[in-house]
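Overview (structure and organization)
Listed here are the chains, written in short residue letters.
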Amino acid sequence: MKILLLGSGELGKEFVIAAQRIGQTIIAVDSYENAPAMQVAHGFEIINMLDGEALDRIVAKHKPDFIVPEIEAIRTERFYDYEKQGITVVPSAKAANFTMNRKAIRDLAAKELGLKTAKYQYATSAEKLQKAVQEVGIPCVVKPLMSSSGKGQSTIKTKEDVLKAWEYAVAGSRGDVIEVIVEAFVDFHSEITLLTITQNGNPTLFCAPIGHRQERGDYQESWQPAQVSEADLYEAQDMAEKITEALGGAGLFGVEFFLTNNGVYFSELSPRPHDTGMVTLAGTQNFNEFELHLRAILSLPIFEITLEKAGASAVILASEDSTNPTFSGIEKVAALPKTDFRIFGKPTSRPYRRMGVVLANDSLITPIEKVTERAKETAKLITVNS
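Residues numbered from 1 in each chain as written. Predicted model: local features only at pLDDT ≥ 70, side-chain atom pairs only at ≥ 80, totals over all residues. Heavy atoms only, no water.

**Focus: the overall build of the chain**
The criterion, for reference: Here a strand is any run of E in DSSP of at least two residues, a helix any run of H or I of at least four, and the numbering for each starts at the N terminus. Values of the radius of gyration come from C-alpha atoms, whereas the globule rule sets the reference at 2.2 Å times the count of residues to the power 0.38. Relative accessibility under 20% of the residue-type maximum defines a buried residue, over 50% an exposed one, and the middle range a partly exposed one, all with a 1.4 Å probe and only protein chains included. We call two residues contacting when some pair of their heavy atoms lies within 4.5 Å. Neither His nor the chain ends is counted toward charge; the positive residues are Lys and Arg and the negative residues Asp and Glu. By convention, the charge on Lys lies at NZ, on Arg at CZ, on Asp at CG and on Glu at CD.
Scanning the chain from N- to C-terminus turns up eleven helices and 20 strands. At 20 Å, the chain has a C-alpha radius of gyration in line with the 21 Å of a compact globule built from 386 residues. By principal-axis analysis of the C-alpha atoms, the chain measures approximately 50 × 50 × 45 Å. Taking all 386 residues of the chain together, 58% fall into the buried category. Considering only intrachain contacts with a sequence separation of at least 6, the fraction spanning at least 24 residues in the chain is 63%. Across the chain, the 41 positively charged side chains and the 50 negatively charged ones have centroids separated by 2 Å.

Following this line, the structure appears as structure tokens:
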């Protein structure tokens, strides 16, 4: 099969590696040269994926069997036409189109499916943001409708934060939609990602829940399994199955939830492998999230997903701008037991850019906090040099 991968970051790179292992052909696409997934793909294209005509040209050129989106900034309306041409859009044109825009997916979850979410409003200007904040209340969270990895996301704690939050959201927005969602702050005690796998003709499956911690709207550590009550897990699985069924198609979805003293709140959804799911590269499961995504796409039946180990991931961040980043301290990490790492191969760095990840694992009887702390401390041994 030929797969056109739209977006070629670190998640795409691991997906390409999984696909290469079972003989698939991958064309990696991104807006810049030498993106991580391009380094391991059969071919690549460099285009602005918000340019619908450019997107049409490479689809016509490569005639893929599958189109697999990896990022948000894509002219997703074109996906419906590609499906009519007989190309499988992953998980589906509807899923990709809805989830690339927080407005569509939030309204589907809250208004159509009745899932429990934070109170929310939308705003298209700084003035409208002020009104939305009054409606939602302070504190609240502001996010661009189109962004990734927490870009443009901030918390409003006082009225003086509103203008700054708008400017930050606009700067962090991807695509050509200048609009934000304003969410009431949910008093949660933890966040989880529930990797949900929809299959063609087979049951929906769930991975063990993944916990994660964020800073600046981006994940810093993730761990599996997260400690979740049976009642909360059942509620999260029920919500995840409802929304993925409504979106349709086959593939892996990263569904995020807030866990509160008053139950589970739906937060966000990504129709692809999730950054917090990189913990599965630590051998926590019989298949990692990239392998699961691929198998579901290709209609290879997945009999079961088994939890094999406790594991954690911790990000390796850059601190400076560089056009030729190098790394030191890798040999220290390599010498440690039950520990691994990935360097993504990004050609440039900037402050807080995610350049790699450290992975730690241990037996299932090991307290997950201990494994997570080990991953976090180990990640500090690697330095990104400019």
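**Looking at the packing of helix H6 (residues 126–136) against helix H7 (residues 161–172)**
As a reminder, the rule being used: Only the contacting stretch of a helix is used when fitting its axis, a line to C-alpha atoms as for every element, and angles between N-to-C directions run 0 to 180 degrees. For classification purposes, angles smaller than 35 degrees are called roughly parallel, those larger than 145 roughly antiparallel, those between 65 and 115 roughly perpendicular, and all remaining angles oblique. Note on convention: the crossing is left-handed when the near helix lies turned anticlockwise from the far helix by less than a right angle, right-handed when the turn is clockwise. Asp, Glu, Lys and Arg are counted as charged, while Ala, Val, Leu, Ile, Met, Phe, Trp, Tyr, Cys and Pro are counted as nonpolar; the rest, among them Gly, fall into the polar class.
Contact geometry of H6 with H7 gives a least axis separation of 9 Å together with a crossing angle of 125°. Between H6 and H7, the angle is such that the two are oblique. The handedness of the crossing between H6 and H7 is right-handed. Contact with H6, carried on its side by Ala126, Leu129, Gln130 and Val133, involves Val162, Leu163 and Trp166 of H7 and no other residues of that element. Of the residues contributing to the contact of H6 with H7, the split by class is six nonpolar, one polar and no charged.

**Some remarks on the sheet that holds strand E6 (residues 120–123)**
Here is the rule: Here, a strand pair is defined by DSSP locating no fewer than two bridges between the strands.
If you trace the four strands from one edge of the open sheet to the other, you get E6-E9-E7-E8, paired in antiparallel fashion. Taken across any chain shown, the strands that pair with only one partner, and hence form the sheet edges, are E6 and strand E8 (154–156). For this sheet the average axis-to-axis angle between neighbouring strands, irrespective of direction, equals 30°. Relative to the sheet, helix H5 (residues 102–112) contacts E6, strand E7 (140–144) and strand E9 (180–184), its axis offset from that of E6 by approximately 155°. Each of E6, E7, E8 and E9 is contacted by H7, which is oriented at about 165° to E8, the strand it contacts most.

**Focus: H5**
Buried within H5 we find Arg102, Ile105, Arg106, Asp107, Leu108 and Ala109. Looking at the buried side of H5, the elements it contacts are helix H4 (93–99), E6, E7, E9, helix H8 (230–247) and strand E15 (263–270). Where H5 terminates, the next one or two residues include glycine 114, which has phi positive at roughly 70°.

**Topic: the domain arrangement of the chain**
Note on interface size: it is often stated as the accessible area lost on association of the parts. Rules: Domains are outlined according to an automatic or database domain assignment. By buried area we mean how much accessible surface two parts lose on assembly, using a 1.4 Å probe and totalling the loss over both. By salt bridge we mean one thing: a side-chain nitrogen of Lys or Arg within 4 Å of a carboxyl oxygen of Asp or Glu.
With domains assigned, the chain is organised as domain 1 (2–89), domain 2 (119–184) and domain 3 (188–385). The C-alpha-based centres of domain 2 and domain 3 are spaced at 26 Å. Contact residues are listed per partner, giving five residues for domain 2 and nine residues for domain 3. When domain 2 packs against domain 3, the two sides together hide about 480 Å² of surface, and 30% of this comes from carbon and sulfur. Viewed at the interface, domain 3 and domain 2 are joined by one salt bridge.

**Considerations on the environment of glutamate 377**
Mapped onto the fold, glutamate 377 is located in helix H11 (residues 368–379). Residues glutamate 377 and alanine 314, spaced 63 residues apart in sequence, show a C-alpha to C-alpha distance of 8.5 Å.

**A closer look at the sheet that holds strand E4 (residues 66–69)**
Taken in spatial order, the five strands line up as E3-E2-E1-E4-E5 in an open sheet, and their pairing is parallel. Both outer strands of the open sheet, strand E3 (43–46) and strand E5 (88–89), are each paired with one neighbouring strand and no more. In this structure, strand E1 (residues 2–6) lies alongside E4, joined through four bridges in parallel fashion. Within the sheet, the bridge partner assigned to leucine 5 lies in E4 and is valine 68.

**A few points about the side chain of serine 154**
Topologically, serine 154 is positioned in strand E8. Under the relative-accessibility criterion, serine 154 is labelled buried at 17%. Setting aside residues no more than four positions away along its own chain, serine 154 makes contact with Cys140, Val141, Val142, Ala165 and Tyr168.

**Some remarks on the nonpolar core**
Rule in force here: Buried residues of nine kinds, namely Ala, Val, Leu, Ile, Met, Phe, Trp, Tyr and Cys, make up a nonpolar core once their side-chain atoms join them within 4.5 Å.
Formed by 28 residues in total, the largest nonpolar core has its most connected members in Phe15, Val68 and Met278. If you list the elements that add at least two residues to this core, you get E1, helix H1 (10–21), strand E2 (25–30), E4, helix H9 (289–297) and strand E19 (354–362). Looking at this core, the element that brings in the most residues is H1, giving five residues. In this structure, this core is formed jointly by two domains, domain 1 (2–89) and domain 3 (188–385), each of which donates at least three residues. Excluding its chain neighbours within four sequence positions, the residues that come into contact with valine 68 are Ile3, Leu4, Leu5, Leu6, Phe15, Val90, His293 and Ile297. Counting 22 residues, the second-largest nonpolar core is a separate cluster that includes Leu6, Ile27, Phe79 and Tyr82.

**Re the pattern of salt bridges**
Here the structure, examined in full by the defined rule, presents 24 salt bridges. Here glutamate 268 and lysine 143 are joined by a salt bridge, their closest N and O atoms 3.1 Å apart. On the criterion of sequence distance, the pair formed by glutamate 268 in strand E15 and lysine 143 in strand E7 is long-range, its members being 125 residues apart. Residue glutamate 268 is classed as buried on the basis of its relative accessible area of 16%. Close ionic contact of lysine 242 with aspartate 238 constitutes a salt bridge, the shortest N to O distance being 3.3 Å. Of this pair, lysine 242 and aspartate 238 both sit in helix H8, four residues apart, which is roughly one turn of that helix. On the basis of relative accessible area, aspartate 238 is assigned to the partly exposed category, the value being 31%. Among the charged side chains, a network of salt bridges with common partners joins Glu10, Asp218, Asp275, Lys346 and Arg354.

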